[in-house]
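Chain by chain, the residues run as shown.
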Amino acid sequence: MTSDPRVFLTLDLGAATTAAALIGRLQGQWRLLGSLAMPATSDPEPMLDLLLARLREASPQIVEELAIPARASAIGRLVARTAPRGLLAVLAPTNARRDSLAAAADRAGWRVRPASLEHGDLLKLVDAALAPGVDAALIGCADPPLGDERRRLEELNLVADAIAERRPGLPLVLSGAVAASGGQSGTTESNAEAAPARPAPERLFAPAPNAGDPPGAPLTIFLGGLRARPDDGRQGIAQATKSLAAVVDRRVEALEIGLDGGLRAAAWPSAGEPSGAGSLASESAAAALFPPEPDEATVDAVLAWSTLPLDRTRLRDRLRELRFRPWADAQGDGALLRLAAARVAVSRLIDATPAISALPPADLVVATGGVWSSGPAPAIALALADIRRRSGAAQLAIDHARLLGPLGTLDDDGERRQLIDDLLDEVLLPVGSVVVAQGLKGGRPIGRIAVRSDGRSQERELVPGGLEIVDVPPGQLASAELEFREPVTVGTRGRKFGIEVSGGLAGLIVDLRDVPLRLPEGSDRRRDQLAEWQRSLWPDLEA
Amino acid sequence: MTGPIGHPASGNNGTGGGVAMANGLGLVTARPLVQRSPTLRFPLSMADTVRVAPGQTISAGILLADRLRDPLVEETGRRRREEAGDSPLLSAGQRTWLLSGGQREPLESPISGIVRSADTATGLVVEAAADSLAGVLAIGGPSRGRLEIATGADGELRPAALDVGRSGSILVVGSRVEAETLTRARAMGVRGVVVAALSGKDLRDFEASERRQRASVHQLAPFAVLVLDGVLRRRIASPVMELLASLEGNEVAIVGDPPQLLFRRVESVPTPPADWVRVASGPMAGREGRWAGPAGPRRFGAAVHLEAGFVRFDDGPPTPVPLADLERFV
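Residues numbered from 1 in each chain as written. Chains lettered and ligands numbered in written order. Predicted model: local features only at pLDDT ≥ 70, side-chain atom pairs only at ≥ 80, totals over all residues. Heavy atoms only, no water.

Peer 1: Where do I start with the overall build of chain B in this structure?
Peer 2: Across its full length, chain B carries four helices and 25 strands. Its C-alpha atoms put chain B at 80 × 45 × 45 Å along the principal axes. Every one of the 330 residues in chain B was classed for burial, and the buried ones make up 52%. For chain B, the proportion of contacts with a sequence separation of at least 24, taken over those separated by at least 6, is 66%. Counting only carbon and sulfur atoms, one obtains 49% of the accessible surface of chain B, whose full area is about 13700 Å². Of the side-chain charges in chain B, 38 are positive and 36 negative, and the distance between the mean point of each set is 2 Å. (Helix = DSSP H or I, 4+ residues; strand = E, 2+ residues; numbered from the N terminus. Buried < 20%, exposed > 50% of the residue type's maximum accessible area, 1.4 Å probe, protein only. Contact = heavy atoms within 4.5 Å. Areas by Shrake-Rupley, 256 points an atom, 1.4 Å probe, with all protein chains shown as cover. Lys, Arg positive; Asp, Glu negative; His and termini not counted. Charge placed at Lys NZ, Arg CZ, Asp CG, Glu CD.)

Below, the structure written as structure tokens:
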């Protein structure tokens, strides 16, 4: 990519969205010259040519200065791919162990096909691993094995032998006591005559699912390494988040929601790290925007966040349709439905990543992924505020040009940091800041906020249960002073708080709703309540 | 609306030609109308007995594999001894596990072709000597029969319209179909249904009916449903309908992986004009017209900004439509 020092393209090839951006070096600094996002079914080449055509029309002098070729095919590219997730057959002696192995694999970014000897036989386990599309098999139990597991250890070893014989090229990951025994029964005789002609099976020995703190963490790291690809978009986002934390010298959290899963990455400045930042990242298929077959829980969850008067059958049909065509009907009701599904996905991502939730809250939260491409930024801010219920202040931003994934694929940490530093104001679309206060009581005014920026002051009364929106334009810093009659929690407990906030398209959102958020039980009242909050940040919804 | 087909082109090169790329049309998702010699996969279980070998040429109706219904694994011992005809799955030392499980069901080839692979790990992979029309989902199958157009592109077939006269056919039933119609179709000896959309409720009801049928002792005749577009009701695209009409009366087959309708190789495919586009989703779903150029980012309902293109429907003025809602046929 950097062989041409003056201009390059980035491509983020996701399961649902292809995002492209054009980056050029102007006056010694990298700048974003344009970006586009389209359905992944579109041919990227015409899209890139359109990007160039728009730049030629808007700024022919930049095209001339950078000597940008007429066709996109002549420009170097930085490509990240987030699809598809590999499929891992997870085979275990008991249902409980199956679930713990599956959770570790999910956090490592695998799709999982689980099976256990408790509710299946040898055939079901072997068939699960041999099914078309399976990229690897994980066979595991605790080390030392629990009572139920010890009884089935020999059968697990037989399963490992049977898989290795019938599909020699399949990576076979042995974990816990199965790894300790080598995953071999040693006496398997089936199809013995065919064995010498086949290549040796690839057996990999992984940490036990009960090892580490929290248990399963080393196994997750091992499984993550197994599917690592240099152009992996999600790993790229994790790397870029780390560089971003080092550049802005603040705690950063990235929430990526994709068609097949999501990523949550947290990073914080750390002088002790060679990259200048520490980080923790975890993926989950449970955070898929539109799961392949929406179950009852998914339908219920989306319905709970939806302001559309849809019945369960109709909602399920729309979600299934969106699985086939994730970009379909992105306007009107479709936009509302997407953001309801995105809330569910973010909520599941947060639930699936407790280790990140246990970290101190982030100063900057970055939303990335195709679902955020077309919705109005203030509506996205509300969606994030609805789900991230942590008291304190945070700045919200959107990776609108989907640059974090491609930039994160750069091997050179210094080069990545330099690019992010140069592009900082353009990589992140400033949505605004959100201040969440916890521990508020009563329905009458309980305090005031005064926001000063650019020589003017705005004051508001604070009423529990609602949102106060204060206009702070993008690029502006403001000082907010909150004063409550009773002590509350805004990061720390107290009555008076002085916070410096950044502006954005949604301004400053003072969130005085419950933590965690409580919604009315009745569907009509719940929809009315959600619509009321939505109207304050999405006033032209009916347009 | 009149269909877009002027006259059959000589073949279909799958690119849409230079015209398709002009004026921003390349930004619209291209949907192949016909796929040549598709590769099909039939999943296999270790309990299945494969009857063909890689490299073997097969014709429609040939036995590909015997599938064991409800396979069980039993360990030999005092209660269960190995008998003639038993199929050992695994053995370790003195212990042996046998496969057993009632009836076997034949898996017949729905089409001619060449077997490329035949093991449990990859499934039975066949390179079809046929062309195909892709769908988004297939249920049941594989199945083959004579293609019959039962309704128009936006029609809906009612159960009462089905009788034994349609036995052995694969029916094209328009924009949607109910589970009750599918169940009756199977009972009347129909071999398959091709439809634009199938709702989730009808899919679940039909699958439940299939499970009940399969739980009975009797072997079921093959039956398959091919869904062309998705879940929400819409008319079958006119280029697809023209293709299906040109195949009426011919032997076709429905397969599930990938979901496709297979038919004899055709020399010429009725091809729509290169600038013909269809609204595949959104408020105007199902409408078709001519591409009139890119419209740039546009504001649509709920203040959402989307890349758009102009489409001229019938003789009306150019209408902006989100690019993501459009498709063209190549």
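On we go.
Peer 1: I tried to follow the pattern of salt bridges on my own but got confused; where do I start?
Peer 2: It is possible for side chains of opposite charge to pair when their charged atoms get near one another. Residues and elements named next belong to chain B. Applying the stated criterion to the full structure yields 62 salt bridges over all chains. A salt bridge links Arg67 to Asp48; the shortest N-O distance between them is 3.8 Å. Note that Arg67 is positioned in strand S6 (residues 63–68) and Asp48 in the loop between strand S3 (39–42) and strand S4 (49–50), a separation of 19 residues in sequence. What makes Asp48 buried here is its relative accessible area of 14%. Among the ionic contacts, a cluster of salt bridges with common partners joins Glu156, Arg158, Arg176, Glu178, Asp202 and Arg233. (Salt bridge = Lys/Arg side-chain N within 4 Å of Asp/Glu carboxyl O.)

Peer 1: Help me understand the sheet that holds strand S20 (residues 259–263) of chain B in this model?
Peer 2: Hydrogen bonds along the backbone pair up the strands of a sheet, which may run parallel or antiparallel. Residues and elements named next belong to chain B. In space, the nine strands of this open sheet follow the order S2-S13-S20-S19-S15-S16-S17-S18-S14, with mixed pairing throughout. Edge positions in the open sheet fall to strand S2 (35–36) and strand S14 (137–140), since each of these has one partner strand only. Examined bridge by bridge, strand S13 (residues 131–134) and S20 share four bridges and lie antiparallel to one another. From the neighbouring strand, Ser132 faces S20, where its bridge partner is Leu262. (Pairing = 2+ DSSP bridges.)

Peer 1: Explain the nonpolar core here, please?
Peer 2: Burial of nonpolar side chains together is a common tendency in soluble globular proteins. By size, the foremost hydrophobic cluster in this structure holds 68 residues, and its most contacted members are A:Ile257, A:Leu315, A:Trp372 and A:Trp538. In this structure, A:Trp538 is in contact with A:Ala335, A:Leu336, A:Leu339, A:Pro376, A:Ala379, B:Ala302 and B:Ala303, ignoring residues within four places of it in sequence. Grouped together as the second largest cluster of nonpolar side chains are 40 residues, A:Leu87, A:Leu91, A:Val134 and B:Trp97 included. (Core = buried A, V, L, I, M, F, W, Y, C linked by side-chain atoms within 4.5 Å.)

Peer 1: I would appreciate a short explanation of the packing of aromatic side chains in the present structure.
Peer 2: Aromatic ring pairs are described here by two measures, namely the spacing of the ring centres and the angle between the planes. All names here are of chain A. Applying the stated rule across the entire model yields three aromatic pairs over all chains. Look at Phe8 and Trp30: their rings are 5.2 Å apart centre to centre, the planes differ by 70°, and that puts the pair in the edge-to-face class. Here Phe8 is found in strand S1 (residues 7–13), whereas its partner Trp30 is found in strand S3 (residues 29–39), with 22 residues between them in sequence. Assigned by exposure class, Phe8 and Trp30 land together as buried. (Phe/Tyr/Trp six-rings, centres within 6.5 Å; stacked < 30°, edge-to-face > 60°.)

Peer 1: What should I look at first to understand the domain arrangement of chain B in this one?
Peer 2: Residues and elements named next belong to chain B. Entries for chain B in the domain assignment read domain 1 (17–33 + 271–329), domain 2 (39–73 + 97–128) and domain 3 (130–263). Placing a centre on the C-alpha atoms of domain 1 and another on those of domain 3 gives a separation of 29 Å. Taken together, the nine residues of domain 1 in the interface contact 13 residues of domain 3. Taken as a group, Arg31, Leu33 and Arg278 account for 55% of the area that domain 1 buries against domain 3, more than any other trio of residues on that side. On inspection of domain 1 and its partner domain 3, the count reaches two salt bridges. With a shortest N-O distance of 2.9 Å, Asp229 and Arg31 are connected by a salt bridge. Run the count over domain 1 and domain 3 and you get five residue pairs in polar contact (both at pLDDT 80 or more). The class makeup of the residues in the side of domain 1 that touches domain 3 is five nonpolar, one polar and three charged. (Domains from an automatic or database assignment. Buried area = accessible area lost by both parts, 1.4 Å probe. Polar contact = N/O pair within 3.5 Å; in protein donor to acceptor, adjacent residues only side chain to side chain. Nonpolar A, V, L, I, M, F, W, Y, C, P; charged D, E, K, R; others polar.)

Peer 1: Help me understand the pairing of strand S13 (residues 364–368) of chain A, please; the structure alone is not making it clear to me.
Peer 2: Every other side chain in a regular strand lies on the same face of the sheet, so the side chains alternate between the two faces. Residues and elements named next belong to chain A. With five of five residues buried, S13 is to be regarded as a mostly interior element. A two-sided burial pattern is seen for S13, the buried positions comprising Leu364, Val366 and Thr368 on one face and Val365 and Ala367 on the other. Examined bridge by bridge, strand S10 (residues 252–257) and S13 share five bridges and lie parallel to one another. Its bridge partner being in S13, Val252 is matched across the sheet by Leu364.

Peer 1: It is not clear to me how the environment of A:Leu123 should be interpreted in this structure. Could you clarify?
Peer 2: Position of A:Leu123 among the secondary structure elements: in helix H4 (residues 122–130). Residue classification places A:Leu123 among the buried residues on the basis of a relative accessible area of 3%. Between the C-alpha atoms of A:Leu123 and A:Ala162, which are 39 residues apart in sequence, the distance is 9.7 Å. With near-sequence residues (within four places) excluded, A:Leu123 lies in contact with B:Ser45, B:Met46, B:Ala47, B:Pro71, B:Val73, B:Leu89 and B:Leu99.

Peer 1: What should I look at first to understand the sheet that holds S4(B) in this one?
Peer 2: Residues and elements named next belong to chain B. Taken in spatial order, the three strands make up an open sheet running S4-S6-S10, and their pairing is antiparallel. Looking at the sheet topology across the chains shown, the edges are occupied by S4 and strand S10 (104–108). Here S4 pairs with S6 via two bridges, running antiparallel. If you follow Thr49 over to S6, its bridge partner there is Asp66.

Peer 1: Even after reading the chapter, I still don't get helix H16 (residues 523–537) of chain A, so can you show me in this structure?
Peer 2: Since one α-helical turn is 3.6 residues long, residues separated by three or four positions face the same way. Residue and element names in this part refer to chain A. Here H16 spans 21 Å end to end across 15 residues, near enough to the 21 Å set by a 1.5 Å rise per residue. Of the residues making up H16, those classed as buried are Arg526, Arg527, Leu530, Ala531, Trp533, Gln534 and Leu537. Along the axis of H16, the buried positions cluster into a sector of 165°, meaning they face one direction only. Of the residues in H16, the exposed ones pointing more than 90 degrees away from the buried face are Arg525, Asp528 and Arg535. (Expected span 1.5 Å × (residues − 1). Arc of directions from axis to C-beta.)

Peer 1: I'm lost on unusual backbone geometry in this one. Help?
Peer 2: Note: most peptide bonds trans; most residues except glycine with negative phi. The omega torsion of the bond from A:Asp143 to A:Pro144 falls at 0°, within 30 degrees of zero and hence cis. With respect to the helices and strands, the residue A:Pro144 is situated in the loop between strand S7 (136–141) and helix H5 (147–166). Backbone torsion omega between A:Asp213 and A:Pro214 reads 0°, so that peptide bond is classified as cis. If you trace the backbone, A:Pro214 turns up in the loop between strand S9 (203–206) and helix H7 (217–226). Even without being a glycine, A:Arg402 presents a positive backbone phi close to 50°. Summarising the element assignment, A:Arg402 is placed in the loop between strand S14 (392–398) and helix H14 (404–408). Positive phi, normally seen in glycine, also occurs at B:Ala303, with a value near 60°.

Peer 1: Looking at this structure, I do not really get the interface of chain A and chain B. What am I missing?
Peer 2: Reports often express the size of an interface as the amount of accessible area lost when the parts come together. Every contact between the two is made by 50 residues of chain A and, on the other side, 56 residues of chain B. Across the chain A to chain B interface the summed buried area is about 4300 Å²; carbon plus sulfur atoms make up 61%. Considering only the side of chain A, the residues that lose the most area to chain B are A:Leu123, A:Arg325 and A:Gln331, jointly responsible for 15% of the buried surface there. In this assembly, chain A and chain B are joined by four salt bridges. Measuring nitrogen to oxygen at the nearest pair gives 3.8 Å for the salt bridge that ties A:Arg325 to B:Glu327.

Peer 1: Where do I start with the packing of helix H8 (residues 233–248) of chain A against helix H15 (residues 413–427) of chain A in this structure?
Peer 2: Each pair of packed helices gets described by two things: the angle between the helix axes and the distance between those axes. All names here are of chain A. Their axes nearest at 9 Å, the elements H8 and H15 cross at an angle of 65°. Relative to H15, the crossing made by H8 is right-handed. Side by side, H8 and H15 meet where Gln239, Ala240, Ser243, Leu244, Ala246, Val247 and Val248 of the first sit next to Asp413, Arg416, Arg417, Ile420, Asp421 and Leu424 of the second. Of the residues in the contact of H8 with H15, the class split is seven nonpolar, two polar and four charged. (Axes fitted to C-alpha atoms, helices over the stretch in contact; angles between N-to-C directions. Left-handed = near helix turned anticlockwise from the far one by under 90°.)

Peer 1: It is not clear to me how the confidence of the model for chain A should be interpreted in this structure. Could you clarify?
Peer 2: It should be kept in mind that the predicted coordinates are not to be read in detail where pLDDT is low. Looking at chain A as a whole, its pLDDT mean stands at 90, while 95% of the residues score no less than 70. A low-confidence stretch, residues 186–200 of chain A stays under pLDDT 50, and its non-local contacts, those more than four residues away or across chains, total 22 contacts. (pLDDT = per-residue confidence, 0-100.)

Peer 1: Any chance you could explain the packing of helix H11 (residues 333–351) of chain A against helix H13 (residues 377–387) of chain A here in plain terms?
Peer 2: All names here are of chain A. Put simply, H11 and H13 touch, their axes get as near as 9 Å, and they point 35° apart. The handedness of the crossing between H11 and H13 is right-handed. For the pair formed by H11 and H13, the contact residues are Leu339, Arg343, Val346, Ser347 and Ile350 on the first element and Ala379, Ile380, Leu382, Ala383, Asp386 and Ile387 on the second. Its residues assigned to classes, the contact of H11 with H13 comprises eight nonpolar, one polar and two charged.

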